[in-house]
Amino acid sequence: MATFLYKLGRLAFRRRHFVALIWVALLTLAGVGAANAPTAGASSFSIPGTEAQKAFDLLEQRFPGMSADGATARVVFKAPGGEKMADKANKATVEKTVKALEDGSEVISVTDPFKAKAVSKNGSIAYASVKYKVSGMELKDSSKDALESAAQQARDAGLTVEVGGDALQATPETGSTEVIGIAIAAVVLVITFGSLIAAGLPLLTALIGVGIGVSTITALASALDLGTTTSTLAMMIGLAVGIDYALFIVSRYRAELAEGREREEAAGRAVGTAGSAVVFAGLTVVIALVGLSVVNIPMLTKMGVAAAGTVAIAVLIALTMIPALLGYAGRKVQPAGRKSRLLGGGRAAKKADRPNMGTRWASFVVRRPLAVLLLGVVGLGAAAVPAASLELGLPDDGSQPASTTQRRAYDLLSDGFGPGFNGPLMLVVDAKGSDDPKGAVTRVSDTVKDLKGVVSVTPATYNKPGDTAMITVIADSKPSSVKTENLVHTIRDAGDGITADTDAKVLVTGSTAMNIDFSQKLNDALIPYLALVVGLAFLLLIVVFRSVLVPLKAALGFLLSVMAALGAVVAVFQWGWLANLIGVEQTGPIMSMMPIFMVGVVFGLAMDYEVFLVTRMREAYVHGETPGQAVVTGFKHGARVVTAAAVIMIAVFSGFIGSSESMIKMIGFGLAIAVFFDAFVVRMALVPAVLALLGRKAWWLPRWLDRALPNVDVEGEGLRGLGAGARNPDGDDDRELARV
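1. Some remarks on the sheet that holds strand β1 (residues 72-78)
And then number 1: Spatially, four strands are ordered β2-β3-β1-β4 in an open sheet, and the strand pairing comes out antiparallel. Pairing within the sheet leaves two strands with one partner each, and these edge strands are β2 (107-110) and β4 (160-165). Put simply, the sheet's adjacent strands are angled 20° from each other on average, direction ignored.
And then number 2: Where β2 lies against strand β3 (residues 125-132), three bridges are found, and the strand directions are antiparallel. Bridge pairing links V107 to Y132 in β3.

Below you can see the structure in the form of structure tokens.
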């Protein structure tokens, strides 16, 4: 591995014009494809194998033309204080609004509140339902404008009017904090390298990689049904790992220059050693992201595969474009320990006999490993405590900020018709195999009416053949409550008995039932997914470190990190601690996909720091140092760079906290805090403490396994006899400069 990458690095350095041309061409091609691609709509949401999805598919088949996935809007009216909606003037305003809503090429139907009996018992609140042919993301601006205009006219007439549903769904905005995150990353790089040129290389390559990845996703979005969240996630992870991977190779390149090697040789050795770590770190991230496909939820699979593709591009760019750009930079990239003239260059940063911060910290941990280990474990355990109160769900209008019209419409409907009205349950009765279809449907209605927690059951709506019926059930609890979830299970249990007696199948669907099934499927898949991802990565790390205990320690440290991060997410987004600080206006259940998503992404990112830091220790140990000395040597060379990489990744992820979409905001916060815990507590404290306690046992590997495993040579042992050897520390090579 190291020898191959060494040759690749030198080739890219020599043939830099060709390498740069290839990547620029790929970026141009992806950009042109994205610019000419048709506009993608909202990604379809399906949960194969669940009852709610089966019912939804049955509706599409038995009720053709109803556009089950079309956008909906509920225009909610409230009469002024002391008045009723049935008052002459108010009724006329509502009827005028309904008529205005009917005018639109994308509108299928609009219900009149007075004809549909959609008026509250006290007569002060009413609503009109609008059904569209297309989804909320595909809805034309003219249709949205017409909806808002009709609502405003009713407001001008004196009514309180709010609009709920997904018809006014807006494209999420990331906000300016994303740019701030990249700016912080740039500052950290400048401080780390002491050079604007060296700092600019990781940023440039990361932006090119993300540009190719996101443009490709945009170009394929319509054909592959990719939603907007997919590209946002790919951008988030691609930026973070792209900067980090380039950072490690540039840092190793500068270290090789400081040892006196000429620039081409230094580039080859940097790619051969740090590049090997990049490959395996990237593989762990790709495994974790692609592994999301085991959940068998298409939306999650597409997000994972798209993000994994962006990570793969980041790895390839780090291995090829970074050495090519180093060739262009020439002497503008200084050896380690030197700064550019603009930043006070020309003098050595430190005396050779003065230990750096990483060395001092590692020496302290090696002297006090047990105390550091206990303190770190207790601290992460305390942070993980809120995770025990984790409540899962999917966001609805009730989780929107109180300032939005969707949230105000949600609250008005709850006040007028009860909390369950915002999440009605839809029963689909498939009586095609029953001898008495209408009798079976009647029995379903009567049975459900008598169940505890049911407020009302609407009359059945039949399809044309009369063998399938829809029944709407209103619960007395809010959609995201445990009580509503229990009611869904109770109805399904009762439906099993009806099926046995009448041969009519009873299926429960609707947005609330879909959310319940979605959460359940994710919970069921968490353990198999964790076993698959951690198991594969464990085997990969055994090959990298040629040790059993080091990968085991890495996996256990990851579990501590992810549990502490989930605890922080619960504390902020569910309990509301410091919520105002990051713009969380409405607390509530944690999104169902958050635990499994964090497990996948955080594990991949956690292994980045494990590979980068511990390979340096392994390299020192293989070259004859004692286990304790190897830990200190690993921190001497790697702590500064790992710290910079972690700060950059935290800054990039934190930049997405400014997103207007709650899912992106939560993911950004969760990943940022997880990287903080993993990099600065687990990898910087617990890892050296455990390795110090284990001593030589940390690198133990059974002989039979040692013989069976392939030798990937991550440490670069095979490079010892290669290359031109040492040059002067200044790296002043006239022939090299001539090539630049």
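Still to come is the rest of the account.
2. Examining empty space enclosed by the protein
And then number 1: Counted according to the given criterion, the structure contains two cavities of 30 Å³ or more.
And then number 2: Here the largest cavity is characterised by a volume of approximately 40 Å³.
And then number 3: The wall of the largest cavity is formed by T205, A206, G209, V210, G238, G242, T310, A314 and I317.
And then number 4: Examining the composition of the lining of the largest cavity, we find that four residues originate from one element, helix α7 (residues 196-224), more than from any other.
And then number 5: Class assignment for the residues of the lining of the largest cavity results in four nonpolar, five polar and no charged.

3. Side note on the pattern of salt bridges
Side-chain pairs of opposite charge can arise whenever the charged atoms involved come near each other.
And then number 1: In total, this model carries 18 salt bridges according to the counting rule given.
And then number 2: With a closest N to O distance of 2.9 Å, D430 and R62 form a salt bridge. Placement of D430 in strand β6 (residues 425-430) and of R62 in helix α3 (residues 51-62) is noted, with a sequence separation of 368 residues between them. Across the pair, R62 and D430 agree in class, each one buried.
And then number 3: Of the charged contacts in the structure, one is a salt bridge between D517 and R492, with a shortest N-O distance of 2.9 Å. With a gap of 25 residues between them, D517 in helix α16 (residues 511-545) and R492 in helix α15 (residues 482-502) connect regions that are remote in the sequence.
And then number 4: Connected via shared salt-bridge partners are R10, R14, E264, E265 and R269.

4. Observations concerning the confidence of the model for the chain
Any region with low pLDDT has predicted coordinates that should not be read closely.
And then number 1: With 90% of its residues at a pLDDT of 70 or more, the chain shows a mean pLDDT of 84.
And then number 2: Mean pLDDT values for the elements of the chain range from 37 in helix α22 (residues 734-739) up to 94 in helix α12 (residues 369-384).
And then number 3: A low-confidence stretch, residues 346-352 (pLDDT under 50), is modelled with seven contacts involving residues beyond four sequence positions or located in other chains.
And then number 4: In the predicted structure, residues 724-740 sits below a pLDDT of 50 and forms 35 contacts with residues beyond four places in sequence or in another chain.

5. So, the packing of helix α2 (residues 16-36) against α7
The relative placement of two packed helices comes down to the angle between their axes together with the axis-to-axis distance.
And then number 1: Two elements in contact, α2 and α7, have axes whose closest approach is 8 Å; the angle formed by their N-to-C orientations is 30°. Judged by the inter-axis angle, α2 sits roughly parallel to α7. Between α2 and α7 the crossing geometry is left-handed. Across the interface between the two elements, W23, L26, L27, A30, G31, G33 and A34 of α2 pack against I208, G211, I212, S215, T216, T218 and A219 of α7.

6. Here's the deal with the nonpolar core
In summary, soluble globular proteins display a tendency toward joint burial of nonpolar side chains.
And then number 1: Core analysis: the biggest nonpolar cluster contains 184 residues, and Y245, I249, Y253, L427, F573, M598 and F653 have the highest contact counts within it.
And then number 2: Here this core takes 19 residues from helix α18 (residues 594-622), the largest share from any one element.
And then number 3: Counting residues in each nonpolar core, the second largest holds 25 residues, with V75, L101, L139 and V163 among its members.

7. Points about unusual backbone geometry
And then number 1: Located in the positive-phi region is D503, a residue other than glycine, with phi close to 65°.
And then number 2: Within the element layout of this structure, D503 appears in the loop between α15 and β10 (505-509).
And then number 3: Positive phi values are uncommon outside glycine, yet L578 reaches one of about 55°.
And then number 4: Within the secondary structure layout, L578 lies in the loop between α17 (549-574) and β11 (590-591).
And then number 5: Exposure remark for L578: the relative accessible area of 65% places this residue in the exposed category.

8. Quick look at a nonpolar patch on the surface
And then number 1: A grouping of V294, L532, L536 and L539 is seen on the molecular surface, where their side chains present a nonpolar patch of about 320 Å² in accessible area.
And then number 2: In this structure, L539 sits in helix α16.
And then number 3: Of the residues examined, L539 reaches a relative accessible area of 51% and is grouped as exposed.

9. Things to note about the environment of K665
And then number 1: Structurally, K665 is set in helix α20 (residues 662-694).
And then number 2: When its relative accessible area of 12% is taken as the criterion, K665 is described as buried.
And then number 3: In this structure, the C-alpha to C-alpha distance between K665 and F653, residues twelve residues apart in sequence, is 9.4 Å.
And then number 4: Setting aside residues no more than four positions away along its own chain, K665 makes contact with F573, I582, G583, V584, F656, I657, G658 and S659.

10. Digging into the packing of aromatic side chains
And then number 1: Scanning the model with the defined rule gives ten aromatic pairs in all.
And then number 2: Among the aromatic residues, those joined into a cluster by ring pairs are Y127, F417 and F421.
And then number 3: A cation over an aromatic ring shows up here: K91 above the ring of F114, its NZ or CZ 5.2 Å from the ring centre.

11. Some thoughts on the side chain of T205
And then number 1: As for its position among the elements, T205 is in helix α7.
And then number 2: Under the relative-accessibility criterion, T205 is labelled buried at 3%.

12. As for the packing of helix α14 (residues 437-449) against α15
And then number 1: At their nearest, the axes of α14 and α15 sit 11 Å apart, and the two run at 150° to each other. With respect to each other, α14 and α15 are oriented roughly antiparallel. Crossing of α14 over α15 shows right-handed handedness. Facing A440, R443, V444, T447 and V448 of α14, the residues of α15 in contact are I491, A494, I498, D501 and T502.
And then number 2: Grouping the amino acids of the contact of α14 with α15 by side-chain chemistry returns six nonpolar, two polar and two charged.

13. Comments concerning the pairing of β10
And then number 1: By the criterion of burial, β10 is predominantly enclosed, with four of the five residues buried.
And then number 2: Note that β6 and β10 share five bridges and pair antiparallel. Following the sheet pairing, V429 is matched in β10 by V506.

Definitions and cut-offs
- Numbering of residues starts from 1 in every chain and runs along the sequence as written.
- pLDDT decides what is reported in this predicted model: residues at 70 or higher carry local features, side-chain atom pairs at 80 or more are listed and counted, and totals for whole chains, interfaces and linings draw on all residues regardless.
- Only hydrogens and water are set aside when side-chain values are computed; all heavy atoms of the structure are taken into account.
- Any two strands with at least two DSSP-identified bridges between them are counted as paired.
- Counting from the N terminus, the helices are DSSP H or I runs at least four residues long and the strands are E runs at least two residues long.
- To get an axis, a line is fitted to the C-alpha atoms, and for a helix only the part in contact is used. The angle between two axes follows their N-to-C directions and goes from 0 to 180 degrees.
- Here a cavity denotes a set of grid points, spaced 1 Å apart and computed over the protein atoms alone, in which a 1.4 Å probe fits but from which it cannot get out, and a pocket denotes an open set meeting protein on both sides within 12 Å along at least five of seven lines; residues with an atom within 4 Å of a point are reported as lining.
- Grid points are joined across faces, edges and corners, and a volume is the space filled by probe spheres set on the points.
- Under this grouping Gly is polar, as are all residues other than the nonpolar Ala, Val, Leu, Ile, Met, Phe, Trp, Tyr, Cys and Pro and the charged Asp, Glu, Lys and Arg.
- By convention in these notes, a salt bridge is any Lys or Arg side-chain nitrogen within 4 Å of a carboxyl oxygen on Asp or Glu.
- Buried means the residue's accessible area, taken with a 1.4 Å probe over protein chains only, is under 20% of the maximum for its type, while exposed means over 50%, and partly exposed covers the values in between.
- What pLDDT reports is the predictor's confidence in each residue, on a scale of 0 through 100.
- Residues are treated as being in contact if the distance between any of their heavy atoms lies within 4.5 Å.
- Each angle is binned into one of four classes, with values under 35 degrees roughly parallel, values over 145 roughly antiparallel, values of 65 to 115 roughly perpendicular, and all other values oblique.
- Here a crossing is called left-handed whenever its near helix is offset anticlockwise from the far helix by less than a right angle, and right-handed whenever the offset is clockwise.
- Nine residue types can take part in a nonpolar core, namely buried Ala, Val, Leu, Ile, Met, Phe, Trp, Tyr and Cys, and a core is a set of them joined through side-chain atoms within 4.5 Å.
- Only residues whose relative accessible area exceeds 30% and that form no salt bridge enter a patch; like-charged residues are grouped when within 9 Å of one another, and nonpolar side chains (Val, Leu, Ile, Met, Phe, Trp, Tyr) when within 5 Å.
- Using a 1.4 Å probe, accessible areas were evaluated by the Shrake-Rupley method; residue-level cover was limited to the displayed protein chains.
- Aromatic pairs are defined between Phe, Tyr and Trp rings, using the six-membered ring for Trp, whenever the two ring centres lie within 6.5 Å; interplanar angles under 30 degrees are classed as stacked, those over 60 as edge-to-face, and all others as tilted.
- Cation placement over rings: the criterion is NZ of Lys or CZ of Arg within 6 Å of the ring centroid and within 35° of the ring normal.

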